[in-house]
Amino acid sequence: MSDSKVNLKRRTLIGAAAASPLLAFAAFKPREHGGGHSAYFAKLQTALRDAGLWRPTLVVDRQALEHNVGRLQAHLPQSKHYRIVAKSLPSLELIRFVRERTGTDRLMVFHQPFANFIAERMPDARVLIGKPMPVGAAARFFEYLKPGAFDPQQQMQWLIDTPEHLVQYRELARARHNETGQPMQVSLELDVGLHRGGLRTQEAVAELLMLLGAEPSMRFAGFMGYEAHASKMPAILGGPRKALDEAMAFYADSVTTARNVLGSGFDERTLTLNAGGSSTYQLYDDAAPCNELAMGSGLVMPTDFDKPTLADHRPAAFIATPVLKALPSTRLPGIEFMSPAFRAWDPNTARTFYIYGGYWHADTVSPPGLQRNPIWGHSTNQEMLNGSEQVQLGVDDYVFLRPHQSEFVFLEFGDIAVFDGERITAAWPVFQQGA
Ligand SMILES: Cc1ncc(COP(=O)(O)O)c(C=O)c1O
């Protein structure tokens, strides 16, 4: 029976359920489902075994990544530069891969140790800090900066959102200016509708621009306006297009304010006018007042990014983990006698699998039919999964999951295993949180 017919039948049953408890039972009783790995996951399983990766592993599919980079290049308006959101692709090798294909040297960075690491290991990058860091974190960046090719006065833009932060950063900028004779580059965070902080009025934008203009140790380097809310805006509130138009109208006003305040010192070509994110970048055209778009997650596609605006991107990141134990039944301590009743109600609780690790921010994708046991709960050591007799899974097989997001989940597994469609061909180290 087709899915739509099944749904219709179910809806009819739910409607009738109010009238009859027997029908209610039929409407809500879970149906048995499950299966084996698709040809794709079977191949990936073989590749992981051949590579000896008998532990939880973060896999990136090189071909899917390549496809997503291709989509980015196809959609990016001609007049916009691309900036890599480093937190969402937290591996130097992964960033190198994207840099080689897109030709960008622009990175957005959100964590002081990552900033130091990038300055040391990728000294030709131009870095925009994506959030207003505590000034102490900025000071620590300079303290830990190793002498090398990276010139922070030229290649680093710090993000400021309030007059208070500006005053704090000014102290640091003056000290740096005494040492280097060069100004600190400062971008201003705009609130273009997300309401995650940033400047909300043109008066506030003008106030900070005037403070910056009067300070030789600081240079106004541009704006950052993030609009992740736009892709989530429901039609009843005007939908994504309207939210983005409003965001860009505020952005354009801010550029005009900068032109007015800075006068002859205003040169748009030297400014970084940053906007965008994965879920919105496809909505932009050349007319937008920004001159670059940031995005990262959409290149690996964790499940939070399964959105209509990224429909032509492909999942490129999976968690793979071996099955440690495959038990023929599900027995919960103290209520063993309930097992037949649980199974009679939900045949998908019939069997139990314990996997290596678990409790990640992730959803199981293969084999189909696995579910969590709500009574047993979670384990980061040996997670329990249940499945029906139809689930084809044994000890030493792998379970595959898709992470909800990349920025933290990628850091939980050690090196990324790169899958080329047949084999694991590379190990890409990930960033160290506290290095
Ligand atoms: C300032 C800023 N720009 C852009 C992004 C977009 O990142 P991604 O494309 O990974 O969603 C983010 C994500 O948090 C952000 O905070």
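Residues numbered from 1 in each chain as written. Predicted model: local features only at pLDDT ≥ 70, side-chain atom pairs only at ≥ 80, totals over all residues.

Thoughts on the overall build of the protein chain
The criterion, for reference: Numbering of helices and strands starts at the N terminus; helices are DSSP runs of H or I of at least 4 residues and strands are runs of E of at least 2. Residues with at least 20 neighbouring C-beta atoms inside 10 Å of their own are called buried, those with 12 or fewer are called exposed, and the rest are partly exposed, where every C-beta is derived from the backbone.
Looking only at helices and strands, one finds 13 helices and 17 strands in the protein chain. Along the longest, intermediate and shortest principal axes, the C-alpha atoms of the protein chain span 80 × 50 × 40 Å. A total of 435 residues make up the protein chain; the buried ones form 40% of that total.

Observations regarding the domain arrangement of the protein chain
To keep things clear, this is the line we draw: All the domain ranges listed were derived from an automatic or database domain assignment.
For the protein chain, the assigned domains read domain 1 (32–57 + 314–428) and domain 2 (110–290). A separation of 42 Å is found between the C-alpha centroids of domain 1 and domain 2.

Quick word on helix 6 (residues 112–121)
To keep it simple, the criterion reads: Throughout, a residue-residue contact means that the two C-beta atoms, derived from backbone geometry, are no farther apart than 7 Å.
Every buried residue of helix 6 is listed here: F114, A115, N116, I118 and A119. Buried residues in helix 6 make contact with strand 3 (106–109), strand 4 (126–129), helix 7 (135–144) and helix 8 (152–155).

Description of helix 12 (residues 239–262)
Rule in force here: Multiplying 1.5 Å by the residue count of a helix minus one yields the expected span of that helix.
Helix length check: helix 12, at 24 residues, gives a terminal C-alpha distance of 35 Å against a target of 34 Å (1.5 Å per residue), a fit within 8%. Among the residues of helix 12, P240, A243, L244, A247, M248, F250, Y251, S254, V255 and A258 are the ones counted as buried. Against the buried residues of helix 12 lie strand 6 (184–190), helix 10 (202–213), strand 7 (218–225), helix 11 (229–232) and strand 8 (272–275). Once helix 12 ends, the next one or two residues include G263, with phi positive near 60 degrees.

Some points on the sheet that holds strand 2 (residues 81–85)
Hydrogen bonding along the main chain pairs the strands of a sheet, whether they run parallel or antiparallel. Convention followed: By this definition, two strands are paired if DSSP reports at least two bridges between them. Between N-to-C directions, angles span 0 to 180 degrees; the directions come from axes that are lines fitted to C-alpha atoms, helices contributing only their stretch in contact.
Reading around the circumference, 2-3-4-5-6-7-8-9 is the order of the eight strands in this closed barrel, with parallel pairing throughout. Mean inter-strand twist for the sheet, computed between neighbouring axes without regard to direction, equals 30 degrees. The pairing of strand 5 (residues 156–160) with strand 6 spans four bridges and is parallel. Bridge pairing in strand 6 places L159 opposite S187. Along the sheet face, helix 6 touches strand 3 and strand 4 and points at about 155 degrees away from the line of strand 3.

Section: the nonpolar core
Inclusion rule: Connectivity within a nonpolar core runs through C-beta atoms within 7 Å, and the core itself is a set of buried Ala, Val, Leu, Ile, Met, Phe, Trp, Tyr and Cys residues.
Among the nonpolar cores identified, the biggest contains 109 residues, and A86 and Y251 are the most heavily contacted of them. Sorting elements by how many residues they give to this core places helix 12 first, with eight residues. Looking at which domains feed residues into this core, each of domain 1 (32–57 + 314–428) and domain 2 (110–290) supplies at least three. If we ignore the near neighbours within four places in the chain, the residues touching Y251 are L190, V192, F223, G225, A275, P289 and C290.

Looking at the site of the ligand
Applicable threshold: Near, for a residue, is defined by distance from a backbone-placed C-beta atom to a molecule or strand, with 6 Å as the limit that must not be exceeded. Each residue is assigned to one class: nonpolar for Ala, Val, Leu, Ile, Met, Phe, Trp, Tyr, Cys and Pro, charged for Asp, Glu, Lys and Arg, and polar for all the others, Gly among them.
In the vicinity of the ligand, 13 residues are found, and the nearest of them are S88, G277, S278, G296 and S297. The residue inventory of the shell around the ligand, partitioned by class, reads six nonpolar, seven polar and no charged.

Brief notes about the packing of helix 7 against helix 9 (residues 163–180)
The condition that has to hold: Oblique is the label for any angle not under 35 degrees, not over 145, and not in the 65 to 115 range, which are roughly parallel, roughly antiparallel and roughly perpendicular in turn. Throughout, a crossing is termed right-handed when the near helix is turned clockwise from the far one, and left-handed when it is turned anticlockwise from it by less than a right angle.
Packing of helix 7 against helix 9 leaves a shortest axis separation of 9 Å and a crossing angle of 20 degrees. Classified by the interaxial angle, the pair formed by helix 7 and helix 9 is roughly parallel. Both helix 7 and helix 9 take part in a crossing whose hand is right-handed. Here helix 7 contributes V135, A138, A139 and F142 to the contact with helix 9, which in turn contributes Q168, Y169, L172 and R176.

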